[in-house]
Amino acid sequence: MELLNKIIKFFSKLRIQILVLGIIGWGVALSIDRTYVEDYRNKSDEIFTNAKQFQMVRTKQENAAFIILSIFETGLFGLGIGFFVSLGFRVFKIKNTMLRKRMIWCWAAISYFCVTWWPHSTSHFLILTTGRSPIDNYITMETTFHWTLTFCSSTLAYFQYDLIQLMRDVAIMRKKMLSSGKEVDPLKQEWYKNYHYHSIVIGIIILAIAIPVAFHFDPLTPALERYQRFFYVTFHIVNSAVAAVGFAFAYAVTRTILLLPPSPGRKVSIISSIAITFLFIIQYIHPMVHVKTKLSMKNTIAIDYGFHVPIVLATGVLAFYQFRMMELATDDKSALSIAVRMRSDSKSASKGSSLKSADNASQSQSSNSNFSTSIQVDQLKSTTQPLDQSNNKNSIEMNELDTNAKDNINNSDNDSNNISIIIEKDYK
């Protein structure tokens, strides 16, 4: 009985569950890939050979390269299965509502990225066996895989930036306390110092460049049907917009990370942000490479290792850090959970103060007009007091957390002396 309890306790660990399910998923997917899917690959090679009048025959080296690629892609598939199942039982149990919503979205996006990449990559071969025109096949691939991956990239970018903003807010609060209340947040200073506006300008500039470049390298042709023209134009505009968002995200997140103190958490933010930016920008280049590259076995392998493998690696990096975030989100005592509760409490206090002010203002309007001025002044004083108390409460809470952080210094040499670094240390 004791042995059984140890076994159950061992397999109840999140990392063990992901590992076991990942290995099972990887083994099943690799077996299918090397047998059933490989038959369809051979059929697509024959179609290429017959239609294009050149041999799509693999050498031993090229066949080995495809096997290695299959190991990468099916491994990512297995990781996605383990990630989806293991974290799925935990993500919906996160107590904090705001954090739970963010984790659910990120969990779904990462799982989709991992699970669908193997079918996505093999579909470039398998879709040729349908007998449809290459243009229709291209439209199918874009709408079913590329656009959905773009949506996942946007989701991850939004919540990644929101998480970095959470760390930034705590760091700014700390700096403001040290600067005697002087405003140190660029987002609250003059408009020309607001780097969110800068990122919007950068995005517009990149969009204005990316659209004509896309039409230059992949122009419309008279042979296209009307619906095919519609999709071609839509693809170029959407992919260009994705590239623009990628550059804007890169600028905004860089400016935000520069405000964070040096720490392991800052390094994690840099690595994960680079991965997200890469996934944005590659969505612009990736489809054009497939369309414009001359069909040959060497070019196919070059695209796989030049584009697909880096996408697999970037997705794996995001999956790892998302897994770490999930561990922290399910721990009520982690600094991440504490920081999110602080933000929620701050918003609730601000909302409550605003509602009370509005209620007092409506009461003052219904009072005697002869005394309206004095009453409004008295009510203004009465409404500002809760705001001051709320701010004092937040300040006291920050000081208490800061005091706890200092107490942690006395107990451990690895702890930091401010809240932002405590948060960032959780991501190590």
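Residues numbered from 1 in each chain as written. Predicted model: local features only at pLDDT ≥ 70, side-chain atom pairs only at ≥ 80, totals over all residues. Heavy atoms only, no water.

1. Description of the overall build of the protein
Part 1 of the reasoning: Looking only at helices and strands, the protein has 12 helices and 0 strands in total.
Part 2 of the reasoning: Tracing the protein from N to C terminus, the helices and strands come up as α-α-α-α-α-α-α-α-α-α-α-α.
Part 3 of the reasoning: Here the protein, with 428 residues, has 43% of them falling under the buried criterion.
Part 4 of the reasoning: Pairs at least 24 residues apart make up 76% of the contacts formed inside the protein by residues separated by at least 6 positions.
Part 5 of the reasoning: Just so you have it, the protein exposes about 22,900 Å², and 64% of that area is on carbon and sulfur atoms. (Helix = DSSP H or I, 4+ residues; strand = E, 2+ residues; numbered from the N terminus. Buried < 20%, exposed > 50% of the residue type's maximum accessible area, 1.4 Å probe, protein only. Contact = heavy atoms within 4.5 Å. Areas by Shrake-Rupley, 256 points an atom, 1.4 Å probe, with all protein chains shown as cover.)

2. Topic: the nonpolar core
Generally speaking, a soluble globular protein has its nonpolar side chains buried in company with each other.
Part 1 of the reasoning: Counting residues in each nonpolar core, the largest one holds 52 residues, and the members touching the most others are L87, I110, L156, I276 and L318.
Part 2 of the reasoning: Mapped onto this core, the elements with two or more residues apiece are α2 (14–52), α3 (60–91), α4 (97–126), α5 (134–178), α7 (226–257), α8 (264–292) and α9 (297–329).
Part 3 of the reasoning: When residues of this core are assigned to their parent elements, the largest contribution, 12 residues, is made by α5.
Part 4 of the reasoning: Residue contacts for I276: discarding those within four places in its chain leaves S153, L156, A157, Q160, F249 and L318. (Core = buried A, V, L, I, M, F, W, Y, C linked by side-chain atoms within 4.5 Å.)

3. Comments concerning the packing of aromatic side chains
Part 1 of the reasoning: Tallying each qualifying case throughout the model produces 13 aromatic pairs.
Part 2 of the reasoning: Between the aromatic rings of F230 and F231, the centroid separation amounts to 5.5 Å while the plane-to-plane angle is 70 degrees, which identifies the pairing as edge-to-face.
Part 3 of the reasoning: Overall, F231 belongs to the partly exposed group, its relative accessible area being 24%.
Part 4 of the reasoning: Grouping aromatic residues by their ring pairs yields a cluster made of Y138, W147, F230, F231, Y232 and F235. (Phe/Tyr/Trp six-rings, centres within 6.5 Å; stacked < 30°, edge-to-face > 60°.)

4. Re the confidence of the model for the protein
Part 1 of the reasoning: Per-residue confidence for the protein averages 76 on the pLDDT scale, and 73% of its residues sit at or above 70.
Part 2 of the reasoning: Here residues 364–428 is a poorly scored stretch, pLDDT under 50, and it has 75 contacts once near neighbours within four places are set aside; other chains count. (pLDDT = per-residue confidence, 0-100.)

5. Examining the packing of α5 against α7
Part 1 of the reasoning: The N-to-C vectors of α5 and α7 enclose an angle of 20 degrees; their axes lie 11 Å apart at closest approach. With respect to each other, α5 and α7 are oriented roughly parallel. Of the two elements, α5 crosses α7, and the hand of that crossing is left-handed.
Part 2 of the reasoning: Considering only residue class, the contact of α5 with α7 consists of 17 nonpolar, 8 polar and 3 charged. (Axes fitted to C-alpha atoms, helices over the stretch in contact; angles between N-to-C directions. Parallel < 35°, antiparallel > 145°, perpendicular 65-115°, else oblique. Left-handed = near helix turned anticlockwise from the far one by under 90°. Nonpolar A, V, L, I, M, F, W, Y, C, P; charged D, E, K, R; others polar.)

6. Let's talk about the packing of α7 against α8
Part 1 of the reasoning: Running from N to C, α7 and α8 point in directions that differ by 160 degrees, and their axes come no closer than 10 Å. Viewed along their axes, α7 and α8 adopt a mutual orientation that is roughly antiparallel. As α7 runs across α8, the sense of the crossing is left-handed. Within the contact between the two elements, α7 uses Y232, N239, S240, V242, A243, V245, G246, F247, F249, A250, V253 and I257 and α8 uses R266, S269, I270, S273, I276, T277, F280, I281, Q283, Y284, P287 and V291.
Part 2 of the reasoning: A breakdown of the residues in the contact of α7 with α8 according to their chemical character gives 16 nonpolar, 7 polar and 1 charged.

7. Points about the environment of R324
Part 1 of the reasoning: Structurally, R324 is set in helix α9.
Part 2 of the reasoning: Taking the C-alpha atoms as reference points, R324 and R15, 309 residues apart in sequence, are found 10.0 Å from one another.

8. Observations concerning a nonpolar patch on the surface
Part 1 of the reasoning: Together, L3, I7, F10, F11, V20, I24, V28, I32 and Y36 give the surface a local cluster of nonpolar side chains, amounting to about 840 Å² of exposed area.
Part 2 of the reasoning: Every element with two or more residues in the nonpolar patch is listed here: α1 (2–11) and α2.
Part 3 of the reasoning: Among the elements that take part in the nonpolar patch, α2 stands out by supplying 5 residues, more than any other.
Part 4 of the reasoning: Tracing the sequence through the fold places V20 in helix α2. (Patch = residues over 30% accessible without salt bridge, like charges linked within 9 Å, V, L, I, M, F, W, Y side chains within 5 Å. Salt bridge = Lys/Arg side-chain N within 4 Å of Asp/Glu carboxyl O.)

9. Thoughts on the pattern of salt bridges
Part 1 of the reasoning: Per the counting criterion, the structure on display carries 8 salt bridges.
Part 2 of the reasoning: Of the charged contacts in the structure, one is a salt bridge between R168 and D185, with a shortest N-O distance of 2.6 Å. With R168 in helix α5 and D185 in the loop between α5 and α6 (195–217), the pair connects residues that are 17 residues apart, well separated along the chain. In this structure, R168 and D185 share a single accessibility class: buried.
Part 3 of the reasoning: Salt bridges sharing common partners tie together D33, R34, E38 and R41.

10. A look at the state of the cysteines
Part 1 of the reasoning: By the definition in use, this model includes 0 disulfides.
Part 2 of the reasoning: With no disulfide of its own, C152 has C114 as its nearest cysteine by sulfur position, at a separation of 10.0 Å. (Disulfide = S-S within 2.5 Å.)

11. Re the side chain of D218
Part 1 of the reasoning: By the element assignment, D218 lies in the loop between α6 and α7.
Part 2 of the reasoning: Excluding its chain neighbours within four sequence positions, the residues that come into contact with D218 are Y138, Y232, H236, V291 and K292.

12. As for the environment of V238
Part 1 of the reasoning: Looking at where V238 falls in the secondary structure, it is placed in helix α7.
Part 2 of the reasoning: Residue V238 is classed as partly exposed on the basis of its relative accessible area of 28%.
Part 3 of the reasoning: With 27 residues separating them in the primary sequence, V238 and I211 have C-alpha atoms 9.1 Å apart.

13. Some points on α8
Part 1 of the reasoning: Given a rise of 1.5 Å per residue, 29 residues ought to cover 42 Å, and the 42 Å separating the end C-alpha atoms of α8 matches this to within 8%.
Part 2 of the reasoning: Along α8, the sharpest change in direction is near 35 degrees and occurs at I282. (Expected span 1.5 Å × (residues − 1). Bend = angle between axes of the 7 residues up to and from the residue.)

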